[in-house]
Amino acid sequence: DRLKALAALRPDYIEEPLAGGALETVDSSPVRLAADESLAEPGRAEKLAASGGCSVFVLKPMLLGGLARCLELSRLARAHGLEVVISHGFDGPVAFAAAAELALALSPAPLASGLARHPLLDAFADVRIPQLGEAEIVPGPWAGLGVEGLR
């Protein structure tokens, strides 16, 4: 009933609306559903991709085992016709920059990445994360992550 009410707002997707393994049992939904934290459970991504219960994988590299694991998950998702969004778990500047580089590597993506600057990055006021533009993730010529100002 709540998903039906949300459908009127036309969200791109709803992340993890059901507890436990319930996302794999969804036959239909009035809004698109996304797997997020459940992707960290061993074997769960494969079940979710095959089940058709969700249409988006939200990948948070530092919570899912790193960049290589997220590349694997993105390949799995796309092989099953799912979309991929790169996001974060309120990471510091180095992990945040790495997530931005992953998003750039997987682009073009039809859905926006969840990489807006978050308030905890204010603790690193002197650190520049070059990938963060005003409203976009910016590719650049820097070597590595390009993060500057860490002490």
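None of these values were measured; they are calculated from a predicted model.

(A) Quick peek at the state of the cysteines. Under the criterion given, the structure shown has zero disulfides. The thiol of Cys 70 is not disulfide-bonded; the next cysteine sulfur, from Cys 54, is found 15 Å away.

(B) Focus on the side chain of Ser 87. Following the sequence through the fold, Ser 87 ends up in the loop between β4 (83–86) and α5 (93–106). The exposure class of Ser 87 is buried, given its relative accessible area of 12%. Looking at Ser 87, its side chain comes within polar contact range of the main-chain oxygen of Gly 114, at 3.2 Å. Setting aside residues no more than four positions away along its own chain, Ser 87 makes contact with Val 58, Leu 59, Lys 60, Pro 61, Ala 99, Gly 114 and Leu 115.

(C) Structural view of the environment of Ser 55. Structurally, the position occupied by Ser 55 is in the loop between α2 (44–51) and β3 (56–59). What makes Ser 55 partly exposed here is its relative accessible area of 21%. Along the chain, Ser 55 and Ala 8 lie 47 residues apart, while their C-alpha atoms are 19 Å from each other. Sequence-distant contacts of Ser 55, that is, excluding residues within four places in its chain, are made with Arg 32, Leu 33, Leu 82 and Glu 83.

(D) Looking closely at the sheet that holds β3. The four strands are arranged β1-β2-β3-β4 in an open sheet whose pairing can be described as parallel. Every interior strand has two partners, whereas the edge strands, β1 (14–15) and β4, have only one. Sheet topology places strand β2 (residues 33–35) next to β3; two bridges connect them, and they run parallel. Within the sheet, the bridge partner assigned to Ala 35 lies in β3 and is Phe 57.

Cut-offs used in this document
- Residues numbered from 1 in each chain as written.
- Predicted model: local features only at pLDDT ≥ 70, side-chain atom pairs only at ≥ 80, totals over all residues.
- Heavy atoms only, no water.
- Disulfide = S-S within 2.5 Å.
- Helix = DSSP H or I, 4+ residues; strand = E, 2+ residues; numbered from the N terminus.
- Buried < 20%, exposed > 50% of the residue type's maximum accessible area, 1.4 Å probe, protein only.
- Polar contact = N/O pair within 3.5 Å; in protein donor to acceptor, adjacent residues only side chain to side chain.
- Contact = heavy atoms within 4.5 Å.
- Pairing = 2+ DSSP bridges.

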